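Residue-level structure breakdown
In case you want the letters, here they are:
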Amino acid sequence: MSVTSKHSLYSRRSIIATATGLAACALTGNRAVAQMADSDLPDAADGFEQTAPIAPPPLIFSDASGRKLSLTDYKGHVLVVNLWATWCGPCVDELPTFAALAVKIRPFAGLILPISIDIEGAQAVRPFFALHGIADLPILLDPDGRDLGRLDTEGVPTTLIIDPAGRQVGRLDGAANWNTPRILALLQSLAETESKTMPPHVTPL
């Protein structure tokens, strides 16, 4: 199931008719456009598309120190991978729900990977996290926006769910509330399903 129209992504073609969105793109210089803002975010469990396990896109990003990373570096963890930007209103609304969820999924080695496409990189993300009191999420960066193409999307936010075997099992294009009991139960079930075939613990990066 896809998210509701209030949270649908704008394409580069349709954004031409939306002055505020066009301004956001011009200011950031990035290829992505933000989706419509809405303070009443839906439960992510109602919006994401659950699929049979498939190979995820080959996302490449870096941490705040510049170390190059990929999803394979996190194999053994349940992952929620989110492509976002500080200038994206819906992303700003959504991000605190990821921060709250991160604490709850830590006991079963779950991780949130928020990959920022801000062209300023950590210089944009670090003060944003400080301003919003976000301390439970890593700073991960894709300032060139190349992961947009790898995800076959032109908009943010976009979120993937990856199981401990490194397979994509869900996707949501649009903003949602991820800090919900149903999402927590889903992620925990993924961890428990793989627990017999995966190492008992994998140390996070």
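This report concerns the structure included in the present document. (Residues numbered from 1 in each chain as written. Predicted model: local features only at pLDDT ≥ 70, side-chain atom pairs only at ≥ 80, totals over all residues. Heavy atoms only, no water.)

Structural notes on the state of the cysteines
Overall, the coordinates contain one disulfide when judged by the stated rule. Note that Cys-88 is cross-linked by a disulfide to Cys-91, the S-S spacing being 2.4 Å. One disulfide, between Cys-88 and Cys-91, carries an S-S torsion of 80° and so falls in the right-handed class. Take Cys-88 and Cys-91: they sit in the same class, and that class is buried. (Disulfide = S-S within 2.5 Å. Buried < 20%, exposed > 50% of the residue type's maximum accessible area, 1.4 Å probe, protein only.)

What to know about helix α4 (residues 122-131)
The complete set of buried residues in α4 reads Ala-122, Ala-124, Val-125, Phe-128 and Phe-129. The buried residues of α4 occupy an angular sector of 155° when projected down its axis, which confines them to one face. Residues Gln-123, Ala-130 and Leu-131 are exposed on α4 and point more than 90 degrees away from its buried face. Residues of α4 that are buried in the fold lie against β5 (78-84), α3 (89-105), β6 (110-116) and β7 (140-141). (Helix = DSSP H or I, 4+ residues; strand = E, 2+ residues; numbered from the N terminus. Arc of directions from axis to C-beta. Contact = heavy atoms within 4.5 Å.)

Things to note about the pattern of salt bridges
It is possible for side chains of opposite charge to pair when their charged atoms get near one another. A complete count under the given rule lists seven salt bridges for this structure. Close ionic contact of Asp-43 with Arg-182 constitutes a salt bridge, the shortest N to O distance being 3.8 Å. One end of the pair, Asp-43, is in the loop between β1 (33-34) and α2 (44-47); the other, Arg-182, is in helix α6 (residues 181-194), with 139 residues separating them in the sequence. With its nearest N and O atoms 3.0 Å apart, the salt bridge here joins Asp-173 to Arg-171. The class for Asp-173 is partly exposed, based on a relative accessible area of 29%. Connected through salt bridges with shared partners, the residues Asp-43, Asp-46 and Arg-182 form a single ionic network. (Salt bridge = Lys/Arg side-chain N within 4 Å of Asp/Glu carboxyl O.)

Looking at the sheet that holds β6
The eight strands are arranged β2-β10-β9-β5-β6-β7-β3-β4 in an open sheet whose pairing can be described as mixed. Each edge of the open sheet is held by one strand with a lone partner, namely β2 (49-54) and β4 (68-70). By the bridge criterion, five bridges tie strand β9 (residues 158-162) to strand β10 (residues 168-173) in an arrangement that is antiparallel. Of the residues in β10, the one forming a bridge with Ile-161 is Gly-170. Sitting on the sheet, α3 touches β5, β6 and β9, and the angle it makes with β6 is about 155°. Packed on one face of the sheet, α4 meets β5, β6 and β7 and runs near 110° to β5. (Pairing = 2+ DSSP bridges. Axes fitted to C-alpha atoms, helices over the stretch in contact; angles between N-to-C directions.)

A look at unusual backbone geometry
Of the consecutive residues Val-156 and Pro-157, the connecting peptide bond is found in the cis state with omega at 0°. With respect to the helices and strands, Pro-157 occurs in the loop between β8 (155-156) and β9. Its identity as a non-glycine residue notwithstanding, Ala-109 has a phi of 65°, on the positive side. With respect to the secondary-structure elements, Ala-109 resides in the loop between α3 and β6. Its identity as a non-glycine residue notwithstanding, Asp-152 has a phi of 55°, on the positive side. One can find Asp-152 in the loop between α5 (146-150) and β8.

Considering the nonpolar core
Counting 54 residues, the largest nonpolar core has Trp-178 and Leu-187 as the members making the most contacts within it. The dominant element in this core, judged by the number of residues it contributes, is α3, at seven residues. Discounting chain neighbours no more than four positions away, the residues touching Trp-178 are Ala-44, Val-80, Glu-94, Thr-97, Phe-98, Leu-101, Thr-159, Ile-161, Leu-172 and Ile-183. (Core = buried A, V, L, I, M, F, W, Y, C linked by side-chain atoms within 4.5 Å.)

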